[in-house]
Amino acid sequence: MKQLIVIVVTLYLLCKDVQADVAASGLNSAPALATTCSSTLTAELTQGPYYLDDILFRSDITETETGIPVTLNVYLLDTDCNPVVDAFISIWHANATGFYSGFTGAAAAGGVAATQTDELTFLRGLVMTDVNGLATFETIFPGRYTGRTPHMHVKAFVPYSNASTTNETARYEDSHVVHTGQFFNTDLLNTYAQEIYPYSSNTQSGELLTLAEDTIYMADAESDRVRQILSFSEVVSGNASAGLIASIDAIVNTSASYSNVFSTENDVSVMSDPRATSDTSSSGSWGSRHVAATVLIVLVCLGAAAGAGFVVFKRYAARSRQYTLYDTNVQMSST
């Protein structure tokens, strides 16, 4: 028993030192990254026909739209997992009944090309990334429309290296597109949302599509697809409808320069995919190696502690099962 106490105390001190080291490194100065950073670039996806190049600098893009509140955290990182600072993230998506602002007069959302029908601006916005590469938006959970599973659109812009002005608008206008993509939700969460008003009042033709039925989502390899799914947690435990916090990492080649014009054929093929020429074989910066080492030490601590606990309490072990919504902590609730 004395030996066990010595082991537990030693593990506690070691893990405490690791925790202090992580805190000192500044990694906890912002909300945690959505995933363990990878040097693999986030896949490019079509911008679709409903993008508007409006300069709307704002983090709250909700306006008067109703739905499940979502705080969206987008971390823009380069291939060394360093934050891309003072860049711009543009977000736009459909409302709870499946329509995009600027196109509410369209016959049905989901066409291959669209002509702007109004001057509305709901659920669109542009945010400059902070020192952590983070851009945060206040929005709602997106609704479905014909031919698509619910999703959000994203564009990332990086100012040219000679941009010296501190004016946001001037920096944005002197920037280039480094990423065009889409963010997705889990099928269970999509199904859950569609049963709640105002999503349940959606009259668009067709049924809710699963991820596997969405041709845009399925266009990429599985390893790319899973990194386009948002990681969710609940604002109020057990009640997803009260609000969600969504996070995701976007890994980009900051030297890329994509077209900002929609093509009905393939609006991401204007230049070659930077993944073909980007050097992703590097072991990464000191920061990424430090994080990896820290994670390894923590895992060793947890493994050893779990082993010691198993020896002492194995008679009282019990199995439990938590109902989760794939890669999230969200639990279903009808309240």
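If you're wondering where the values come from, they're calculated on a predicted model, not measured in any experiment. Residue numbers here run from 1 along each chain, matching the order of that chain's written sequence. Owing to the predicted nature of the model, reporting of local features is limited to residues with pLDDT of at least 70; listing and counting of side-chain atom pairs is limited to 80 or more, with chain, interface and lining totals taken over all residues. To obtain the side-chain values, all non-hydrogen atoms of the structure were used and water was disregarded.

A. Spotlight on the sheet that holds strand S1 (residues 69-77). A pair of strands counts as paired when DSSP detects no fewer than two bridges linking them. Think of it this way: any DSSP run of H or I at least four residues long counts as a helix, any run of E at least two long counts as a strand, and we number them from the N terminus. With mixed pairing, the four strands of this open sheet are ordered in space as S4-S1-S8-S7. Whereas interior strands pair on both sides, the edge strands pair on one side only; in this sheet they are strand S4 (134-140) and strand S7 (231-234). Each neighbouring strand pair of the sheet contributes to a mean axis angle of 20°, computed without reference to strand direction. Under this scheme, a helix contributes an axis fitted over its contacting stretch, all axes are lines through C-alpha atoms, and angles between N-to-C directions fall in the 0 to 180 degree range.

B. Quick peek at empty space enclosed by the protein. Here a cavity is any set of points on a 1 Å grid over the protein atoms alone where a 1.4 Å probe fits but cannot get out, and a pocket is any open set with protein on both sides within 12 Å along at least 5 of 7 lines; a residue lines the site when it has an atom within 4 Å of a point. Grid points are joined across faces, edges and corners, and a volume is the space filled by probe spheres set on the points. In the structure shown here, the tally under the stated rule is one cavity of 30 Å³ or more. Its boundaries defined by the atoms lining it, the largest cavity holds a volume of some 90 Å³. Looking at the lining of the largest cavity, the elements with two or more residues in it are strand S2 (88-92) and strand S3 (124-128). When the residues that make up the lining of the largest cavity are grouped by side-chain class, the tally is seven nonpolar, two polar and two charged. Three classes are used, and their members are as follows: Ala, Val, Leu, Ile, Met, Phe, Trp, Tyr, Cys and Pro are nonpolar, Asp, Glu, Lys and Arg are charged, and the others, Gly among them, are polar.

C. Fine view of the confidence of the model for the protein chain. Mean pLDDT over the protein chain stands at 76; residues scoring 70 or higher make up 63%. Low confidence marks residues 11-32, where pLDDT is under 50. Its contacts with residues over four positions away, or in another chain, come to 22 contacts. For every residue, the pLDDT score states the predictor's confidence, bounded by 0 at the bottom and 100 at the top. Note on definitions: a residue-residue contact is assigned when non-hydrogen atoms from the two residues lie within 4.5 Å. Note on residues 310-335: pLDDT is under 50 here. Beyond four places in sequence and across chains, it has 42 contacts.

D. View of the pairing of strand S8 (residues 244-251). For the exposure calls, accessible area comes from a 1.4 Å probe over protein chains only, and a residue counts as buried if that area is under 20% of its type's maximum, exposed if over 50%, partly exposed in between. Counting buried positions along S8 gives seven out of eight residues, so the element sits mostly inside the fold. Bridge analysis of S1 against S8 gives eight bridges, and the strand direction is parallel. Among the inter-strand pairings, Tyr75 is bridged to a residue of S8, identified as Asp249. As paired elements, S7 and S8 share four bridges and run antiparallel to each other. Bridge pairing links Ser233 to Ile245 in S8.

E. Summary view of the environment of Pro159. Along the chain, Pro159 falls in strand S5 (residues 151-159). Owing to a relative accessible area of 10%, Pro159 belongs among the buried residues under this scheme. Distance in space between the C-alpha atoms of Pro159 and Ser175 is 3.7 Å, their sequence separation being 16 residues.

F. Quick peek at the packing of aromatic side chains. Each Phe, Tyr or Trp ring, with Trp reduced to its six-membered ring, pairs with another whose centre is within 6.5 Å; inter-plane angles below 30 degrees give stacked pairs, above 60 give edge-to-face pairs, and intermediate values give tilted ones. Following the criterion strictly, the structure yields eleven aromatic pairs and no others. Relative to Tyr100, the ring of Tyr50 lies with its centre 4.7 Å away and its plane at 15°, an arrangement referred to as stacked. You can see Tyr50 sitting in the loop between helix H1 (2-24) and S1 and its partner Tyr100 sitting in the loop between S2 and S3, a full 50 residues away along the chain. The class of Tyr50 is buried, set by a relative accessible area of 3%. On the accessibility criterion, Tyr100 (2% relative accessible area) is buried. Cluster of aromatic residues (ring-pair linked, three or more members): Tyr50, Tyr100, Phe103 and Tyr145. Positioned above the aromatic ring of Tyr51, the side-chain terminus of Lys155 is 5.2 Å from the ring centre. Working rule: Lys NZ or Arg CZ, within 6 Å of ring centre, within 35 degrees of ring normal, means a charge sits over the ring.

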